Amino acid sequence: DVHLGRRCEDPSATMDAYFLVHGLGGNRVDLSYLAQQIHRRSNGVGIVHCVSCNEGKTKDGVVQGGDRLAQEVKQVLDRHRGNVPLKRIHFVGNSLGGLYCRYAVAVLFEPCTRVEKDGSCKCGCGGAGRVAGLIPHSFVTIATPHLGVRKFKILNLPDMIYVAMAKRTGKDLLLKESSSCSCGLPLVARMAGMEHEESCRADPSISADEGNGNLLPASRFIEALGSFARRRLYANMNNDLLVFFGTASICLDPPHIARTPTPVKGHARSTPELSKTSEEMGQGDLLAQVKHLEAVVSNPEVTSKHRTSLQFHPGLYEDRKLEECMASKLNELSWEKFYMSYPGLPYAHAIISANKRLLPSLVSKPGQPLMDQLAFHLTRA
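These numbers come from a predicted model, not from an experiment.

Axes are the key here: two packed helices are described by the angle between their axes and the distance separating the axes. Contact geometry of helix α1 (residues 32-41) with helix α12 (residues 368-379) gives a least axis separation of 9 Å together with a crossing angle of 40°. Relative to α12, α1 is oriented oblique. Seen along the crossing, α1 lies across α12 with a hand that is right-handed. Residue-level contacts link Tyr 33, Leu 34, Gln 37, Ile 38 and Arg 41 of α1 to Gln 368, Met 371, Asp 372, Leu 374, Ala 375, Phe 376, Leu 378 and Thr 379 of α12. A class-by-class count of the residues in the contact of α1 with α12 yields eight nonpolar, three polar and two charged.

What follows is the structure, given as structure tokens:
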């Protein structure tokens, strides 16, 4: 069963581990199509695990979900480590699952302690550190609200509706002040590397059951995310009523993307990278059912020595200043950004991940070419 993980029986093989994480109200089946494609393209040499620890528990906050994810990752790896050597680790987070992944990798992150004076590393991680003891390679999010939803709400519905529907998770996404630390810094802002004028301290009077968990320093989130060799995100440009383009793309001002005439043989406009990928896979019409696709590589990698230090203060709640600061910090890391447009009914949030649980196969099918391409991206050297 690919959803529960696969391993190679060859004792001389080196495996990669792939963890696929569902979003709010989801379950392990949501990314099953992607899991099947990864398993097929990797020839079974690797662990392809669809996470289940947050099923029915996605309303108790990002911290709780992230902590559970970290524990499940450790349990799965411990179960397989004695059989076949593991080398690299990959994460794919769908919707809220992307925030779970960002939190979990910070919990699992281990800075490299074997860097030589010349910058070389004896442990093989290149000085970037390790996540759960493995080399962090690919970090991918699909329609994830990286900047929360405070400024990205459908019909500008009142906050109380979001909180009523998603409880603690709703508060996290609305960037409400956190009760888990003395400074009240919103969790999602801290995960974007925002710091406070005062040092944060965990509030011992609040139990973990209330969705607060352990307090990690802001720098740990960025350092852990920056340890991955590749970061990629997918964002819907339209017809996504749950996660708007700005928060999914970490770009508050959408760039101008030209609308080219629809090709005769399909509805795809791909970048050179994707065109090359299609040819390598022998599927020239791989993206035929995707109307528009754009890839953008954000700012060049910024070394830790040159990263800015942004401090949180109450004035950032005005307008969209807080979101701008969060985007600035996250975009100091390099990202491959893919912008999708699916015409028709507003089901893009489920289509983009080819989610057959939420939509009939015929409706979710337009998302399959994109998941095929993502599987190729994850499994290539």
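As a further point, take unusual backbone geometry. Of all residues except glycine, most have a negative phi; of all peptide bonds, most are trans. Phi angles above zero are rare outside glycine, and Ser 95 is one such case at about 60°. As for its placement among the helices and strands, Ser 95 is situated in the loop between β3 (86-94) and α3 (96-108). Residue classification places Ser 95 among the buried residues on the basis of a relative accessible area of 9%. Even without glycine at this site, Leu 175 takes up a positive phi of about 60°. By the secondary structure assignment, Leu 175 is in the loop between α4 (159-173) and α5 (187-191). Since its relative accessible area comes to 1%, Leu 175 is described here as buried.

Right, let's get into the packing of aromatic side chains. Using the criterion set out here, one finds six aromatic pairs in the structure. Here the aromatic residues Phe 19, Phe 91, Phe 139 and Phe 228 are joined through ring pairs into a cluster of three or more.

Judged by nonpolar contacts, the single largest core of 67 residues is most densely connected at Leu 77, Ile 89 and Phe 91. Take this core: its biggest share by element is nine residues, from α3. Setting aside its immediate chain neighbours within four residues, Phe 91 contacts Phe 19, Val 73, Cys 101, Val 105, Leu 108, Val 131, Ser 138, Phe 139, Val 140 and Phe 228. Core analysis: the second largest hydrophobic core is formed by 28 residues, Leu 20, Val 48, Ala 348 and Ala 350 among them.

How each quantity is defined
- Residues numbered from 1 in each chain as written.
- Predicted model: local features only at pLDDT ≥ 70, side-chain atom pairs only at ≥ 80, totals over all residues.
- Heavy atoms only, no water.
- Axes fitted to C-alpha atoms, helices over the stretch in contact; angles between N-to-C directions.
- Helix = DSSP H or I, 4+ residues; strand = E, 2+ residues; numbered from the N terminus.
- Parallel < 35°, antiparallel > 145°, perpendicular 65-115°, else oblique.
- Left-handed = near helix turned anticlockwise from the far one by under 90°.
- Contact = heavy atoms within 4.5 Å.
- Nonpolar A, V, L, I, M, F, W, Y, C, P; charged D, E, K, R; others polar.
- Buried < 20%, exposed > 50% of the residue type's maximum accessible area, 1.4 Å probe, protein only.
- Phe/Tyr/Trp six-rings, centres within 6.5 Å; stacked < 30°, edge-to-face > 60°.
- Core = buried A, V, L, I, M, F, W, Y, C linked by side-chain atoms within 4.5 Å.

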